[in-house]
Amino acid sequence: MKKKDLTNLLAQELEMPKNTAAKAVNLLFSSIASQLARGREVNIAGFGVFNLQAVKRKPAGQRKVMGALQVEHVTNEPSFRASKSLTQRVGK
């Protein structure tokens, strides 16, 4: 399912104009991204948890150029952990 499909489904189910449904979908996604950018966790009951996870990265090509001097960079990447109820619904 794409974002457009989700927007169409929301508009149909709630009998609202597609542009209003699109604003709602965009607001939901931008709110999640905004909270993650602030370092906050987003917990949606019955769905799951969005959070940031520290990931160690090595710059590409550094092994060839620098040899043993490998510098790791830690970046925060978004991650999602499904709730138990979502896992059970999907796993049927």
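Keep in mind that this is a model prediction, so the values were computed, not measured.

Colleague: Which residues make up the side chain of S83, and what are the values?
Modeller: Mapped onto the secondary structure, S83 falls in the loop between β3 (73-82) and α4 (84-90). In terms of polar contacts, S83 uses its side chain to reach the backbone carbonyl oxygen of G46, at 3.2 Å. A distance of 3.2 Å separates the side chain of S83 from the backbone nitrogen of L86, its partner in a polar contact. Setting aside chain neighbours within four positions, we find S83 in contact with G46, F47 and G48.

Colleague: Please provide a residue-by-residue account of the packing of aromatic side chains, values included.
Modeller: This model, assessed by the stated rule, comprises three aromatic pairs. By the ring-pair criterion, three or more aromatic residues cluster together here, those being F47, F50 and F80.

The rules behind the values
Residues numbered from 1 in each chain as written. Predicted model: local features only at pLDDT ≥ 70, side-chain atom pairs only at ≥ 80, totals over all residues. Heavy atoms only, no water. Helix = DSSP H or I, 4+ residues; strand = E, 2+ residues; numbered from the N terminus. Polar contact = N/O pair within 3.5 Å; in protein donor to acceptor, adjacent residues only side chain to side chain. Contact = heavy atoms within 4.5 Å. Phe/Tyr/Trp six-rings, centres within 6.5 Å; stacked < 30°, edge-to-face > 60°.

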